[in-house]
Structure formats: C-alpha cells, structure tokens
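This is what each chain is made of:
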Amino acid sequence: MPKRQIAIDGPAGAGKSTIAKLVSDLLDYTHIDTGAMYRAITLKAMRLNVDLDDEDAFDFLDQTKFDYKNGVLFMDGKDVSKDIRSREVSNNVSLVSSHALVRRVLVERQQKLARDHDVVMDGRDIGYNVLPKANYKFFLTADVTTRAKRRFLENAKNGIHIPLDDLKQEIITRDDFDSNRKHSPLKAAEDAIVIDTSDMDIEDVVKTIEAKVREEDTDEF
Ligand code: DC
C-alpha cells in the first residue's frame, strides 16, 4: 500500500512540531521534524569548526547518520535532541539550511523516510518541495509576538533563558532569511490549508487538522 503523508509547514514558533507529534500519535504515523535535521547538521558543523558560509565544508553530510527512536533524534548514534535547541544553533541554522548541498542531501533522506513510513512531516518546504503529493498539507501561522512567547515557554522548559524581546527579534530575522533564500524558501504550497493559530491552543489546532483529515478520509481513524 502507498504510504500516507501529511505535510505541516510554517514559520518558526508556529507550533508545527508539537502539533505534528500529536497528530502522528493520533494516527499512529511517524513524526519527522525536518527542522531538527537541519539543526543537527548545524550542530555537527559547529563542533567540527567548519566555515558555515562554505557549502563545500559540508562534505561530512554523507557520513552522517540519523535515527529516530521514540520521536527522539539521534545523530551518529547520540541523542542530540537537547543540544540542537541551543541559541547558537538557532542563530546559525538558517545559514546552514540555505546551502543547496545541505538541502539536497536532507531532502533525499526525508523522501526516503516518507517512502518507508506513513509520516507527519513538518518543516518549511514539505508541502511544495519534499512531499508535493502529500495526502494533506497544512501551513500554520501565528503573529510574531505569540510565536516568540511560545518559544520562550518552550525554552524555559528546557532550561534555556533568552529575553522575550531578543527571541522576537531572532525569530523575525530567521523568518526573513528562510523566506527569502534562493533554494526552497519558506512558503505555503498552493493547495495547503492555512491555519492561523494565534488565538488557538494546541488542542484546537490538532482538532482542526483531525477534522480535515476525517472529513476527506473517513477510513483514516
Ligand atoms: O523548525 P525549526 O525552527 O527547528 O527549523 C530550524 C531551521 O531549519 C529553520 O530556521 C529553517 C530550516 N528548515 C528548512 O530550511 N527547511 C525545513 N524543511 C525545515 C527547517
């Protein structure tokens, strides 16, 4: 049977990963957080001390192994789920993910995962680039203050303390870079359902997505 695909895109802090995880649990699909993959590569490049501006310095990508165990990302056999959320990684990941080579290698890995598993995949270019034939496509947005507040709370849970105003500025900078880069920028697929989550809680968004999937495919649940 062909595998089922749900694509969830949107800007930083729109709640994509949290929502994608909950939807994947509901459906018993595999959740693939593609932002975590770009973050992991950024972390590795920083640890290797390579020039992040130099695309050719990313030749270590082919030897980099990713595994998901219970939703936790392992790179080269090590749990990197905490380290990839650091401020340094957040501030460098847009640059790293703008390199064509990095995108090509990671998109291939993402497409392979989607061939082997039913997936809920979240990112910036999933609906129009990685999985253009996805069964369902959603694009989550929210105003920037709401998104900064969400990141602030998420960081606090992980013991990271960055002032709210700094976070807001960092999100604006990252969105701007991600939306205007040359290779597969952040944008909604033409056939994506856009959901503004500014005044919704997580449960509301999950219910909205669940309702859409049910409406169009009653066998799904
Ligand atoms: O979702 P996130 O904030 O963890 O993503 C981190 C960065 O990775 C984001 O700023 C842009 C990049 N990214 C991308 O270019 N393409 C994707 N499919 C997912 C993330």
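Everything below is about the structure shown above.
From a predicted model like this one, the values you see are computed outputs, not experimental measurements. (Residues numbered from 1 in each chain as written. Predicted model: local features only at pLDDT ≥ 70, side-chain atom pairs only at ≥ 80, totals over all residues. Heavy atoms only, no water.)

Draft legend 1. Representation of helix α6 (residues 144-157) in the model. Taking 1.5 Å per residue as the helical rise, α6 with its 14 residues ought to reach 20 Å, and the 20 Å between its terminal C-alpha atoms agrees with that figure. Residue Gly159 follows α6 closely and has a positive phi angle near 75°. (Helix = DSSP H or I, 4+ residues; strand = E, 2+ residues; numbered from the N terminus. Expected span 1.5 Å × (residues − 1).)

Draft legend 2. Focus on the sheet that holds strand β5 (residues 78-79). Pairing within the open sheet is antiparallel, and its 3 strands lie in the order β3-β4-β5. Among the strands making up the open sheet, the edge pair consists of β3 (66-69) and β5. Here 4 bridges tie β3 to strand β4 (residues 72-75), and the two strands are oriented antiparallel to one another. Residue pairing for β4: Lys69 is matched across the bridge by Val72. Against the sheet, helix α2 (residues 34-48) contacts β3 and β4, and its axis sits at roughly 35° relative to β4. (Pairing = 2+ DSSP bridges. Contact = heavy atoms within 4.5 Å. Axes fitted to C-alpha atoms, helices over the stretch in contact; angles between N-to-C directions.)

Draft legend 3. Fine view of the site of the ligand. Residues in close proximity to the ligand total 18 residues, the closest being Arg39, Asp125, Arg174, Asp178 and Arg181. Contact between the ligand and Arg39: an oxygen atom at 2.7 Å from a side-chain N or O atom of the residue. Protein contacts shield 99% of the accessible area of the ligand, which totals 450 Å² for the unbound molecule. Put simply, the ligand lies in the largest pocket. Contributing elements (two or more residues each) for the shell around the ligand: α2, α3 (87-97) and α7 (164-180). Residues of the shell around the ligand, tallied by class, amount to 3 nonpolar, 5 polar and 10 charged. (Near = heavy atom within 4 Å. Polar contact = N/O pair within 3.5 Å; in protein donor to acceptor, adjacent residues only side chain to side chain. Areas by Shrake-Rupley, 256 points an atom, 1.4 Å probe, with all protein chains shown as cover. 1 Å grid on protein atoms, 1.4 Å probe; cavity = no way out; pocket = protein on both sides within 12 Å on 5 of 7 lines; lining within 4 Å. Sits in = over half its atoms within 2 Å of the grid points. Nonpolar A, V, L, I, M, F, W, Y, C, P; charged D, E, K, R; others polar.)

Draft legend 4. Looking closely at the packing of α3 against α7. Direction vectors running N to C along α3 and α7 enclose 20°, while the axes themselves pass 8 Å from each other. By the criterion of interaxial angle, the relationship of α3 to α7 is roughly parallel. The handedness of the crossing between α3 and α7 is left-handed. For the pair α3 and α7, contact is made by Arg87, Ser90, Asn91, Val93, Ser94 and Leu95 and by Asp166, Glu170, Arg174, Phe177 and Asp178, respectively. Residue composition of the contact of α3 with α7, by class: 3 nonpolar, 3 polar and 5 charged. (Parallel < 35°, antiparallel > 145°, perpendicular 65-115°, else oblique. Left-handed = near helix turned anticlockwise from the far one by under 90°.)

Draft legend 5. Molecular detail of α3. Among the residues of α3, Val89, Ser90, Val93, Ser94, Val96 and Ser97 are the ones counted as buried. The buried residues of α3 all sit within an arc of 165° when viewed along its axis, so they share a single face. Elements that come into contact with the buried residues of α3 comprise α2, α4 (100-116) and α7. (Buried < 20%, exposed > 50% of the residue type's maximum accessible area, 1.4 Å probe, protein only. Arc of directions from axis to C-beta.)

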